[in-house]
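# Report on the structure
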Amino acid sequence: MAVQAVPTKGNLMNAKKSLALAKNGYELLDRKRNILIREMMTLIDHANAIQQKIDGAYEEAYFALQTANISNGFCDDISKAIPIEDGLHLDSRSVMGVEIPILTIDESENCNYLHYGTRTTNSAVDKTFILFTKVKTLTVELAEIENSVYRLADSIKKTQKRANALKNIMIPRFEETVKFITDSLEEKDREEFSRLKVIKRKKLKDREDM
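Calculation rules
- Counting from 1, residues in each chain are numbered in the order their sequence is written.
- Reporting of local features is limited, given that this is a predicted model, to residues whose pLDDT is at least 70; pairs of side-chain atoms are given and counted only at 80 or more, and all residues count toward the totals for whole chains, interfaces and linings.
- Side-chain calculation: all heavy atoms of the structure are included, whereas hydrogens and water are not.
- Put simply, a salt bridge is a Lys or Arg side-chain nitrogen that is within 4 Å of an Asp or Glu carboxyl oxygen.
- By definition, any uninterrupted DSSP run of H or I lasting at least four residues is a helix, any uninterrupted run of E lasting at least two residues is a strand, and each is numbered from the N terminus.
- Only protein chains enter the calculation, and the probe is 1.4 Å; a residue is then buried if its accessible area is under 20% of its type maximum, exposed if over 50%, and partly exposed in between.
- Strand pairing follows a simple DSSP-based rule, namely that at least 2 bridges must link the two strands.
- Expected helix span is given by 1.5 Å per residue-to-residue step, counting one fewer step than there are residues.
- Throughout this description, the term nonpolar core refers to a set of buried Ala, Val, Leu, Ile, Met, Phe, Trp, Tyr and Cys residues connected via side-chain atoms within 4.5 Å.
- Aromatic pairing here means that ring centres of Phe, Tyr or Trp (its six-membered ring) are within 6.5 Å. Orientation follows from the plane angle: under 30 degrees is stacked, over 60 is edge-to-face, and everything else is tilted.
- The contact criterion used throughout is that any non-hydrogen atoms of two residues lie within 4.5 Å.
- His is not counted, nor are the chain ends, whereas Lys and Arg count as positive and Asp and Glu as negative.

### Focus: the pattern of salt bridges
Two side chains of opposite charge can pair, provided their charged atoms sit close to one another. For the coordinates displayed, the defined rule picks out five salt bridges. Where E175 meets K23, a salt bridge forms, and the shortest distance between an N and an O atom there is 3.9 Å. Residue E175 is found in helix α4 (residues 123-209), and its partner K23 is found in helix α1 (residues 9-72); the two are separated by 152 residues along the sequence. Classification of K23 as partly exposed rests on a relative accessible area of 36%. In this structure, D183 and K179 form a salt bridge, with 2.9 Å as the shortest nitrogen-oxygen distance. Of this pair, D183 and K179 both sit in helix α4, four residues apart, which is roughly one turn of that helix. A relative accessible area of 34% places D183 in the partly exposed class. A relative accessible area of 54% means that K179 is categorised as exposed.

Here you go:
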């Protein structure tokens, strides 16, 4: 146990230094946790707003697809003309050491260019294409936020665990060590003071007896 440290002034200085570092570490971890929580809550609010948009966008897009299938026949062949999406790019930013993903998607070519012929299709197909492109963009945005929230929540959990270890284990242990050494040194000083008084009294008595 920490209280078994040898009660010397050097060990007292080391224990006080360790205690100060532990308290400083706890304050930093607590500040980091609060910043991460604020960041996560902001993203959760954003995610809720996007979730409402994406639910409506999916409903509108699938309704448009049903309309296109009815007015233009089933769109399986037309859908094959749409290229596979390969314009997704991943980057990241750091929030208190936590890597947060940044997803971007190239929209210029795929949004402004119809990959199917307009002679055999009608405006219902165009509307379906536009609406599903919107769904794709919102899905990318939601995926970025949900992944960010997961990473932040994981880091908050780890940070909280470390902060609790400092607050509930390390700091009390160092405080106990400092108290033990301080009390031991003070007791040693009192004993030394009493011993010196006894020696002084004995010397005075010896002089009187001479």
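### Section: the pairing of strand β1 (residues 88-95)
Sheet faces and side chains relate simply in a regular strand, where the side chains alternate between the two faces. Both β1 and strand β2 (residues 98-105) contribute to a ladder of eight bridges, which runs antiparallel. Along β2, the bridge assignment pairs R93 with I100.

### Details of α1
The end-to-end C-alpha separation of α1 is 90 Å, in line with the 94 Å expected for 64 residues at 1.5 Å each. G73 lies just past α1 and shows a positive phi near 85°.

### Remarks on the nonpolar core
Within the largest apolar cluster, 20 residues are counted, with the highest numbers of intra-cluster contacts made by L36, I145 and L152. For this core, the secondary structure elements donating two or more residues are α1, β2 and α4. Core analysis: the next-biggest nonpolar cluster, separate from the first, contains 12 residues, L12, L29, A163 and L185 among them.

### Quick notes on unusual backbone geometry
If you check the backbone angles, M96 has positive phi at about 55° while not being a glycine. Its location among the elements puts M96 in the loop between β1 and β2. By relative accessible area, which is 38% here, M96 ends up partly exposed.

### Section: the packing of aromatic side chains
Aromatic ring pairs are defined here through the distance separating the ring centres and the angle between the ring planes. What the rule picks out here adds up to two aromatic pairs. Taking 6.1 Å as the distance between ring centres and 15° as the angle between the ring planes, the aromatic pair formed by Y58 and Y62 counts as stacked. Of this pair, Y58 and Y62 both sit in helix α1, four residues apart, which is roughly one turn of that helix. Classification of Y58 by relative accessible area gives partly exposed; the value is 31%. Judged by centre distance (5.2 Å) and plane angle (85°), the rings of Y62 and F132 are edge-to-face.

### Quick look at the environment of H89
Considering the arrangement of structural elements, one finds H89 in strand β1. Taking the C-alpha atoms as reference points, H89 and D106, 17 residues apart in sequence, are found 8.2 Å from one another. What H89 contacts, discounting residues up to four positions off in sequence, is I102, L103, T104 and D106.

### Brief notes about the side chain of K32
Within the secondary structure, K32 is located in helix α1. Lacking a salt bridge, the buried K32 has D154 as its closest oppositely charged neighbour, with an N-O distance of 10 Å. Excluding anything up to four places from it in sequence, K32 contacts M96, S155 and T159.

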